[in-house]
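Understanding the architecture of this molecule
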Amino acid sequence: MRTARSKGKILRRFNDMRGRFPFPLHPTGLEVGGSEAAGAVIGNFSITIGFTLLMLAALELFKRVGERLLPSLFEGMDTQGMLRFPSAPLFIFQWLYQGTVLGAMILLLYPANTLHVVLGLVAMAVCVSVPVLLFRVVTRDVPSMAVYALDPEKQGWLQELVCGPGEWVSVGVDVHWVNRYASVTRSFVQRAVWFSVIEFAAAFALAAIGTLETSTLVGCGHVKLAMAAVFLILVVVEAVLWPCARPRDNMADFVTLGIQGAGLVLMAVGFYKGYDVKEHLTHHVAGLLFMASAVLLVVKGVVDLCTEAYVVLTGRRNRLQADAWQASSSLLMHDMCNVSVSTQPASAVTSPLSASVSRSRRSRLTSSLILPASTSMTGTGSSATFTSMRDWKRHEAVARGEMASKKFRNFQS
């Protein structure tokens, strides 16, 4: 039977272990007013906002220099897609997300003053709204702006296992959507392109569990068991949805999540039995499982880098992207060959080709543009009927799509 003194020693060790924010959750190690939670929120937001502002400045500089030195190439080019914005800031935000949520919840549950409450509310509002907005953007733009294109060239089973059967490509002619949101969409298949929101939710749940305080060993076991439940639920979701585009990613996630969940279950059993955190075999085995999962994640990261290098060097992604733009342009050009427009009245129609203006300007013109009840366009071997603004925009994109394909090939060369 464990004495009260030994149990108190185990509890102190457990609380010391979970009292500090680990480096991945709080890289700056900042403390504000003696509060590590406030330091985590402010430090993580400072990293994310600072990186975002730095990228915006780089975008503006890149655009101005490019338009001055190579005006024909940079005219109408999506510089945000070329520099992976907002993909890169979203990656940083996702990396720091769990630590930010943990700090915000601690500030709200155990505030030292009113400023802590305000800071916690602001941080929580941001952490909740970003995944919701991301889900809305992804479900709205796929597949109208991006699709997962299968590679028509024959590939072996090993190549398909490591690299996947295809690549994400942008089909919009105004923006390179895939590059803009690569960090949160490129890893997944088209039917589960929103799966990054599930990852945000899992990080939120782990942060919420991490805020729980306990004064008993059984309570410590409950905390670890709840964390294990989150990992095991993710394992089940991964097994059912199989969301990753590359089969090896599904397998790696399945194994690493299962190992981490098993390690947390062992720790929970150790606490239920009253075993010492640093001395008993169950905790040592759990530590080895966590180390094994970390090694697997490092190996997965190395394989990801090698895969990206292979895809870039072989030109598969660029080839599929150019084919997608060319196919989209050719499909739209089919209805635009030798076009003659007949309307009633003629003054009510605006030519699609003359409306080559920016997306924001087109949106402002939408309300003032008058469309006839039925506008017919006839060409050689084809005819089309326009009854909505969407039809006009579809045909308006022809000239810009052809121009985007040519510029993409010129940029490659």
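Residue positions are given per chain, counting from 1 as you read along its sequence in written order. The predicted origin of the model limits local features to residues at a pLDDT of at least 70 and limits the giving and counting of side-chain atom pairs to 80 or more, whereas totals for whole chains, interfaces and linings rest on all residues. With hydrogens and water stripped out, all remaining heavy atoms of the structure feed into the side-chain values.

**Regarding the overall build of the protein chain**
Only DSSP runs of H or I reaching four residues or more are called helices, and only runs of E reaching two or more are called strands; each is numbered from the N terminus. A tally of helices and strands in the protein chain yields 16 helices and 5 strands. Working definition: with a 1.4 Å probe on protein chains only, accessible area under 20% of the residue-type maximum means buried, over 50% means exposed, and in between means partly exposed. In the protein chain, which comprises 413 residues, the proportion classed as buried is 42%. Residues are treated as being in contact if the distance between any of their heavy atoms lies within 4.5 Å. Across the protein chain, every contact between residues at least 6 apart in sequence was considered, and the portion connecting residues at least 24 apart equals 71%. Exposure was quantified through the Shrake-Rupley algorithm and a 1.4 Å probe, taking into account, for residues, occlusion by the shown protein chains and nothing else. A total accessible area of about 21800 Å² is found for the protein chain, and carbon and sulfur atoms account for 66% of it.

**With respect to the nonpolar core**
Residue types Ala, Val, Leu, Ile, Met, Phe, Trp, Tyr and Cys, when buried and joined through side-chain atoms within 4.5 Å, form a set referred to as a nonpolar core. Of all hydrophobic cores here, the largest spans 38 residues; its most connected members are Val-41, Tyr-97, Val-101, Leu-134, Trp-168, Trp-177 and Tyr-181. Elements represented by at least two residues in this core include exactly helix H2 (36–69), helix H5 (87–109), helix H6 (114–141), strand E1 (146–150), helix H8 (177–180) and helix H10 (195–210). Among the elements that take part in this core, H5 stands out by supplying 8 residues, more than any other. If near-sequence neighbours (up to four positions away) are discounted, Tyr-181 is found in contact with Pro-86, Ser-87, Leu-90, Leu-134, Val-137 and Arg-186. Membership of the second largest hydrophobic core comes to 12 residues, among which are Ile-209, Ala-228, Leu-234 and Val-235.

**Overview of H5**
In this analysis, the expected span of each helix is defined as 1.5 Å times one less than the number of residues it contains. Its 23 residues give H5 an end-to-end C-alpha distance of 32 Å, which sits within 8% of 33 Å, the value for a rise of 1.5 Å per residue. Here the bend at a residue is taken as the angle between two axes, fitted respectively to the seven residues that end there and the seven that start there. Of all the bends in H5, the largest measures some 50° and sits at Tyr-97.

**A closer look at the packing of aromatic side chains**
Planes of paired rings set the category: under 30 degrees apart is stacked, over 60 is edge-to-face and the rest tilted, where pairs are Phe, Tyr or Trp rings (Trp by its six-membered ring) whose centres lie within 6.5 Å. Inspection of the entire model under this criterion finds 6 aromatic pairs. Each ring, one from Tyr-97 and one from Phe-200, has its centre 4.8 Å from the other, and the planes form 80°; the classification is edge-to-face. Taken together, the residues Tyr-97 in helix H5 and Phe-200 in helix H10 connect sequence positions 103 residues apart. Looking at Tyr-97, the relative accessible area reads 3%, which means it is buried. When the ring of Trp-177 is compared with that of Tyr-181, the centres are 4.9 Å apart and the planes differ by 35°; the resulting orientation is tilted.

**Considering the environment of Gly-261**
For Gly-261, the location among the structural elements is in helix H12 (residues 247–273). Among the residues examined, Gly-261 registers a relative accessible area of 0% and is labelled buried. Between the C-alpha atom of Gly-261 and that of Leu-234, which follows or precedes it by 27 residues, the distance is 9.6 Å. Among residues more than four places away in sequence, those in contact with Gly-261 are Ala-228, Phe-231 and Leu-232.

**Observations concerning a nonpolar patch on the surface**
For patches, a residue must show more than 30% relative accessible area and have no salt bridge; joins then use 9 Å for like charges and 5 Å for nonpolar side chains, namely Val, Leu, Ile, Met, Phe, Trp and Tyr. Should a side-chain nitrogen of Lys or Arg be within 4 Å of a carboxyl oxygen of Asp or Glu, the pair is scored as a salt bridge. Residues Val-218, Leu-225, Leu-232, Val-265, Val-269 and Tyr-272 make up a contiguous nonpolar surface patch of about 430 Å² in total accessible area. For the nonpolar patch, the secondary-structure elements that each account for two or more residues are helix H11 (217–241) and H12. Within the fold, Val-265 resides in helix H12. According to the relative accessible area criterion, Val-265 is partly exposed, its value standing at 30%.

**Thoughts on the packing of H5 against H10**
Relative orientation of the contacting elements H5 and H10 amounts to 30°, with a least axis distance of 8 Å. Helix-helix and strand crossings are classified by hand; for H5 and H10 the assignment is right-handed. Counted together, Phe-93, Gln-94, Tyr-97, Gln-98, Val-101, Leu-102 and Met-105 of H5 and Ser-196, Glu-199, Phe-200, Ala-203, Phe-204, Leu-206, Ala-207, Ala-208 and Gly-210 of H10 form the full contact between these two elements. Grouping the amino acids of the contact of H5 with H10 by side-chain chemistry returns 11 nonpolar, 4 polar and 1 charged. Whenever a helix is involved, its axis is fitted only over the stretch in contact; in every case the axis is a line through C-alpha atoms, and angles between N-to-C directions fall within 0 to 180 degrees. Take the far helix as your reference; a near helix turned counterclockwise from it by less than a right angle gives a left-handed crossing, and one turned clockwise gives a right-handed crossing. Any residue outside Ala, Val, Leu, Ile, Met, Phe, Trp, Tyr, Cys, Pro, Asp, Glu, Lys and Arg is labelled polar, Gly included; the first ten of those are nonpolar and the last four are charged.

**Description of the pairing of strand E2 (residues 166–170)**
Residues in a regular strand point their side chains to alternate faces of the sheet. Most of E2 sits inside the fold, with 5 of its 5 residues counted as buried. With 5 bridges joining them, E1 and E2 adopt antiparallel strand pairing. When the bridges of E2 are listed, Tyr-148 appears paired with Trp-168. Strands pair, by our definition, only if DSSP identifies at least two bridges between them.

**A short note on the confidence of the model for the protein chain**
As a note on interpretation, predicted positions should not be read in detail where pLDDT is low. Values of pLDDT, the confidence the predictor places in each residue, fall between 0 and 100. With 72% of its residues at a pLDDT of at least 70, the protein chain reaches an overall mean of 77. Note on residues 4–19: pLDDT under 50 across the span, and 28 contacts to partners over four residues away in sequence or across chains. The low-confidence segment residues 338–399, where pLDDT is below 50, has 80 contacts with residues more than four positions distant or belonging to other chains.

**Things to note about H2**
In this model, H2 (34 residues) spans 48 Å end to end at C-alpha, consistent with the 50 Å of a helix rising 1.5 Å per residue. What qualifies as a polar contact is a pair of N or O atoms within 3.5 Å, subject to a donor-acceptor requirement within protein and to the restriction that residues adjacent in sequence count only when both atoms come from side chains. One side-chain oxygen at the N-terminal end of H2 lies 3.5 Å from the backbone nitrogen of Ala-37; it belongs to Ser-35.

**Observations regarding the side chain of His-176**
Turning to its location among the elements, His-176 is positioned in the loop between E2 and H8. Discounting residues that sit within four places of it in the chain, His-176 has contacts with Asp-78, Gly-81, Ser-170, Gln-321 and Trp-325.

**Remarks on the environment of Ser-35**
Relative to the elements of secondary structure, Ser-35 occurs in the loop between helix H1 (4–19) and H2. Separated by 77 residues in sequence, Ser-35 and Ala-112 have C-alpha atoms that sit 8.7 Å apart. Sequence-distant contacts of Ser-35, defined by excluding residues within four places in its chain, comprise Leu-30, Leu-107 and His-116. Here Ala-38 takes part through its backbone nitrogen, which lies 3.2 Å from a polar atom of the side chain of Ser-35.

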